[in-house]
Structures are given as structure tokens and as C-alpha cells.
Amino acid sequence: MSPMKLPLIALLLISPLALADSPKSIDKVNGAIRTEAGTEYGDLDTVNGSISVDDGVIARDVSTVNGGVTLDDGAVVDNVETVNGGVGIGEKVLVKHDVETVNGGIRLGRGSQVGGNVETVNGGISLKAAEVQQDIITVNGSINVGEDSVVHGGITVKKPNKSGWGWGWGSKPKPPRVTIGPNAVVKGTLLFEREVELLVHPSAKIGPVRGEEPIRLDANVER
């Protein structure tokens, strides 16, 4: 047998095994996606349905349009994205890049980390002893950087579209509340393009503030 044919034969023998071992992606149009604990996946993608990422699951991009996303304890994923739905992240979860939604809240549990931005338009963002490597961004939602949480970037509350001020016969909506809790850290700039209520605990550490004056967060103020 020619020596040049040996690599080709070896490749043909190995390729089916490599293919079988590659992580399986799940792609749907209608229907929820549920995973098995401790299993590795490729992309998890649906249009109309929720996505549940079980304990210890490893996956690439997790994406839906109409539905919420839940990441249980110890999961590791690349990105999380939804349009109409909230994102619930358990404890010790790693999202390597961004967490994004449009209409829904985002909650990060104890010991979880996001390597990029955490962003929503209409929904609250809450961190509980969690870490965000870049920025927290919202328009109409409140933000709670809870006790012992760290944001390595900054916080931006963007100015809403003019049409958003027309609700309630011209009445002005209640401003979002931004809370920086005990021993929490926000290293970057806190930029407010609209009115907010900014509450900062005395033990917290924050970067420069633009657009709003901080109010001391006392023990008798709801966190």
C-alpha cells in the first residue's frame, strides 16, 4: 500500500468517531428546549419556547425569541439572548460573553459570572454576590447590584424613546431605582441619561457618577 494512502484511510476511520463525539445542537421553531444535567451541547436555539439549561450543562449560544431562559447551578454557556422573556441564572454559572433581553428581567445568582455585558430594555437586573466583567445597561428597568457583587465595567441607564413618556395622559413614569448594596463594587462610570433614584450603601465602592446624585442607602431603605 502506498504510504500516501495511509493518512487518508486513517482520516476516514477517525472522522465518524469525531463526528459522533461532537456536541449536539438543538434547533426548533415552536417548542421549549430542556436539557439533561451534566451534558454537553452545541447551540440551543428556539423561536417560540423557553429554554432550560440544567445543572452542570455546557453549551454554546442559548437563544430564543418568545420565551424565558433558565440556567441552573454550575452551567457554562457562551451567550444568552432572548427578546420577550426573562433570564434566570442560578449559582456558580459562567456565561462567557453577553446576557441580553429586550422585554424581561435578568437575575444572577450567587457566585455566577458574566464575561461581557448584561443588558435589557424593559426589565429589572439583579445581582446577588455575582460578577459582571463589562457593563450593565438598561432603559426602563431597575438595577440592584446586591451585596458583595462586582461590576468591572460601568452602569448605563439610557434615555427612553420620546413615545415612552406619553403613557397615562402625559404623566411622568416613576424613575427606575438603581441600588448599590453593601460591599458591592462598580469600577466604571455610572451614566444616567434619564432620571433615576440612585441608592448607594456606605460600604459600596463606585466609579464616577454622571447625571444623578447618589443617596445614602441606610438600613431602613429597601434593598
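Preceding this paragraph is the structure being described.
Model, not experiment: these values are computed from the prediction. (Residues numbered from 1 in each chain as written. Predicted model: local features only at pLDDT ≥ 70, side-chain atom pairs only at ≥ 80, totals over all residues. Heavy atoms only, no water.)

A. Representation of the pattern of salt bridges within the structure. Counting across every chain of the model gives three salt bridges. One salt bridge connects D43 with R60, and the closest N-O pair in it is separated by 3.5 Å. Highlighted residues: D43 in strand β3 (residues 41-45) and R60 in the loop between β4 (51-53) and β5 (61-63), separated in sequence by 17 residues. On the basis of relative accessibility, which here comes to 31%, the residue D43 falls in the partly exposed class. The exposure class assigned to R60 is partly exposed, which follows from its relative accessible area of 37%. Notably, a salt bridge pairs R177 with E197, separated by 3.1 Å at the nearest N-O pair. Taken together, the positions of R177 in strand β21 (residues 177-180) and E197 in strand β24 (residues 197-200) put the pair 20 residues apart, joining distant regions of the chain. (Salt bridge = Lys/Arg side-chain N within 4 Å of Asp/Glu carboxyl O. Helix = DSSP H or I, 4+ residues; strand = E, 2+ residues; numbered from the N terminus. Buried < 20%, exposed > 50% of the residue type's maximum accessible area, 1.4 Å probe, protein only.)

B. Expanded view of the sheet that holds strand β8 (residues 79-81). The strand order across the open sheet formed by 10 strands is β1-β3-β5-β8-β11-β14-β17-β20-β23-β26, and the pairing between neighbours is parallel. The sheet terminates laterally at β1 (24-27) and β26 (209-210), the two strands that pair on one side only. As paired strands, strand β14 (residues 118-119) and strand β17 (residues 136-138) are joined by two bridges and run parallel to one another. Residue pairing for β17: V118 is matched across the bridge by I136. (Pairing = 2+ DSSP bridges.)

C. Representation of a nonpolar patch on the surface within the structure. The grouping of V29, V47 and V65 at the surface amounts to a nonpolar patch, some 200 Å² of accessible area in total. Its place among the elements puts V29 in the loop between β1 and β2 (33-34). For V29, a relative accessible area of 53% corresponds to the exposed category. (Patch = residues over 30% accessible without salt bridge, like charges linked within 9 Å, V, L, I, M, F, W, Y side chains within 5 Å. Areas by Shrake-Rupley, 256 points an atom, 1.4 Å probe, with all protein chains shown as cover.)

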